Amino acid sequence: MSEAVPALSVQDVHRHYKLAGHDVHALKGLSFDIKQGERVFLCGPSGSGKTTLLYILGGMEKPTSGKILRGMRVSWPLAFGGAFQSHLTGLDNLKFVCRVYGVDYIPLVPFVEEFTELGIYFREPVLHYSHGMLTRLAFALSMAIEFDCFLIDEAMVVGDVRFHERCHAELFHKRKDRAFILVTHDANVIKLYCKNACVLHEGRLLPFPSVDAAYDFYQGTMSTRAEPVES
């Protein structure tokens, strides 16, 4: 009998592209597994490839080489609204997403309406939405579909303190049995919700035995980058 495939398996993934005439190798041979219910903290300096990795895991980008094997339903990066059809209403975008994932949209309408607090704008084209309104809709749609693994980049989530509290309640409490990969700089959130940790450093993924060890390494690399260069 063959060995069971982990719920999410990343196998030798590379991502490189051209930027201002230069070759950028953002991800260099990343390999790791995420199992059901596993919570992983991912950190790294700006430009290290964290968002690129989330986009690849969520299917918004393709790796240059390597494989992503999905044995469970993986979300798009939370609050990512790049797939919205701008001329459709918020309600019609909900219908579209549900059709893609094979889910009945009707039972989800009350939750999305209540969570987004869009009022009459829920039935208006999203091209009239502010960035904050788009974020609320995108997050609500992410919660409406029952994913097994959530991709969370807190830099994408905007809004007031109350909205952040509601997001945390929906994600970390009501869905505490789900797997997730979390990108955040909030040490309290990291230590409260994550058990495993990795750092993206110079295109490679470095695993650490504890969240504290990963965060200390990350802080150390940031301090080194901030040091002035002697002439």
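What counts and how
- Residues numbered from 1 in each chain as written.
- Predicted model: local features only at pLDDT ≥ 70, side-chain atom pairs only at ≥ 80, totals over all residues.
- Heavy atoms only, no water.
- Patch = residues over 30% accessible without salt bridge, like charges linked within 9 Å, V, L, I, M, F, W, Y side chains within 5 Å.
- Areas by Shrake-Rupley, 256 points an atom, 1.4 Å probe, with all protein chains shown as cover.
- Salt bridge = Lys/Arg side-chain N within 4 Å of Asp/Glu carboxyl O.
- Helix = DSSP H or I, 4+ residues; strand = E, 2+ residues; numbered from the N terminus.
- Buried < 20%, exposed > 50% of the residue type's maximum accessible area, 1.4 Å probe, protein only.
- 1 Å grid on protein atoms, 1.4 Å probe; cavity = no way out; pocket = protein on both sides within 12 Å on 5 of 7 lines; lining within 4 Å.
- Points joined across faces, edges and corners; volume = space filled by probe spheres on them.
- Pairing = 2+ DSSP bridges.
- Axes fitted to C-alpha atoms, helices over the stretch in contact; angles between N-to-C directions.

## Here's the deal with a nonpolar patch on the surface
Right, so step 1: On the surface, Leu88, Phe96 and Val100 cluster together to form a nonpolar patch covering roughly 230 Å² of accessible area.
Right, so step 2: Here Val100 shows up in helix α2 (residues 90-101).
Right, so step 3: According to the relative accessible area criterion, Val100 is exposed, its value standing at 54%.

## Thoughts on the layout of surface pockets
Rolled over the atoms, a probe as big as a water molecule pinpoints where empty space is left.
Right, so step 1: Approximately 270 Å³ is the volume found for the largest pocket.
Right, so step 2: Pro45, Ser46, Gly47, Ser48 and Gly49 are the residues nearest the centre of the largest pocket, which is lined by 19 residues in total.
Right, so step 3: Counting only elements with at least two residues in the lining of the largest pocket, the list comes to β2 (22-34), α1 (50-58), β8 (196-201) and α7 (211-226).

## Remarks on the sheet that holds strand β6 (residues 149-153)
Right, so step 1: Taken in spatial order, the six strands of this open sheet run β5-β6-β7-β3-β8-β9, and their pairing is mixed. With one partner strand each, in any of the chains shown, β5 (74-77) and β9 (204-208) form the two edges of the open sheet. Taking each pair of neighbouring strands and ignoring which way they run, the sheet shows an average axis angle of 20°.
Right, so step 2: The pairing of strand β3 (residues 39-43) with strand β7 (residues 179-183) spans four bridges and is parallel.

## Re unusual backbone geometry
Right, so step 1: Backbone geometry at Asp12 places phi at a positive 50°, although glycine is not the residue there.
Right, so step 2: Topologically, Asp12 is positioned in strand β1 (residues 8-19).
Right, so step 3: Residue class for Asp12 comes out partly exposed when judged on its relative accessible area of 44%.

## Side note on the pattern of salt bridges
Right, so step 1: All told, the structure shown has twelve salt bridges when counted by the stated rule.
Right, so step 2: Lys95 is the partner of Asp92 in a salt bridge, and the nearest nitrogen-oxygen pair spans 3.8 Å. Residue Asp92 and its partner Lys95 are located together in helix α2, separated by three residues, close to a single helical turn.
Right, so step 3: Given a relative accessible area of 28%, Asp92 falls into the partly exposed group.
Right, so step 4: Overall, Lys95 belongs to the partly exposed group, its relative accessible area being 26%.
Right, so step 5: Of the charged contacts in the structure, one is a salt bridge between Glu146 and Arg178, with a shortest N-O distance of 2.7 Å. Within this pair, whereas Glu146 is found in the loop between α4 (131-144) and β6, its partner Arg178 is found in the loop between α5 (161-173) and β7, the two being separated by 32 residues in sequence.

## Looking at the sheet that holds β2
Right, so step 1: Pairing in this open sheet of three strands is antiparallel, and the strands run β2-β1-β4 from one edge to the other. Lying at the two open borders of the sheet, with one neighbouring strand each, are β2 and β4 (65-70). In this sheet, adjacent strand axes meet at a mean angle of 25° when their direction is disregarded.
Right, so step 2: Pairing geometry for β1 and β4, over five bridges, is antiparallel. Paired with Ser9 across the strands is Leu69, a residue of β4.

## Looking at the pairing of β8
Right, so step 1: Here β3 pairs with β8 via four bridges, running parallel. Bridge pairing in β8 links Leu42 to Cys198.
Right, so step 2: As judged from the five bridges shared by β8 and β9, these two strands associate in the antiparallel manner. The residue bridging His201 from the neighbouring strand is Arg204, located in β9.
Right, so step 3: What sits between the antiparallel neighbours β8 and β9 is a turn of two residues, in which Glu202 has the positive phi angle 55°.

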